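# Architecture and fold: a report
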Amino acid sequence: MPDIKENALQVVITESNGVLMYSNDVRAVSSKNENGVFDILPYHINFISIVRERIVIVELSGEKKEFPIERGLMSVYKNKVEVFLGIQVK
């Protein structure tokens, strides 16, 4: 695993067909689930959720990037955020 900068999260967003949409170390990630909008910051507790509408990433430079989505699965484990898009949820 690559060395993650202190006070950063490693983020990887992948489409269901395996195409890598985004991969970088970032300051924060925001999204929305059935309970509302939430933020993931460095050293967040392990977490898994279905996410909807958008993913907002705050890069280390402070620049925000927004990815409109329909639905995805977000997993946070050991300071790594993985988002899998295009999943089917019944």
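Notes on the structure follow. Nothing here was measured: the structure is a model prediction, and the numbers come from that model.

We now examine the pairing of strand 5 (residues 64-77). Pairing between strand 4 (residues 47-59) and strand 5: 11 bridges, direction antiparallel. Each bridged residue has a counterpart across the sheet, and for arginine 52 the counterpart in strand 5 is arginine 71. Count of turn residues in the strand 4/strand 5 antiparallel hairpin: four residues, of which glycine 62 carries a positive phi of about 100°. Hairpin connection, strand 5 to strand 6 (residues 80-85): the antiparallel pair is bridged by two residues, and lysine 78 has positive phi, about 50°.

This brings us to unusual backbone geometry. You will see that tyrosine 43, though not glycine, has its phi angle at about 65°, which is positive. For tyrosine 43, the location among the structural elements is in the loop between strand 3 (36-40) and strand 4. At asparagine 79, a residue that is not glycine, the phi angle is positive and equals roughly 70°. Here asparagine 79 shows up in the loop between strand 5 and strand 6.

Here is what the cut-offs are and how they apply
Residues numbered from 1 in each chain as written. Predicted model: local features only at pLDDT ≥ 70, side-chain atom pairs only at ≥ 80, totals over all residues. Heavy atoms only, no water. Pairing = 2+ DSSP bridges. Helix = DSSP H or I, 4+ residues; strand = E, 2+ residues; numbered from the N terminus.

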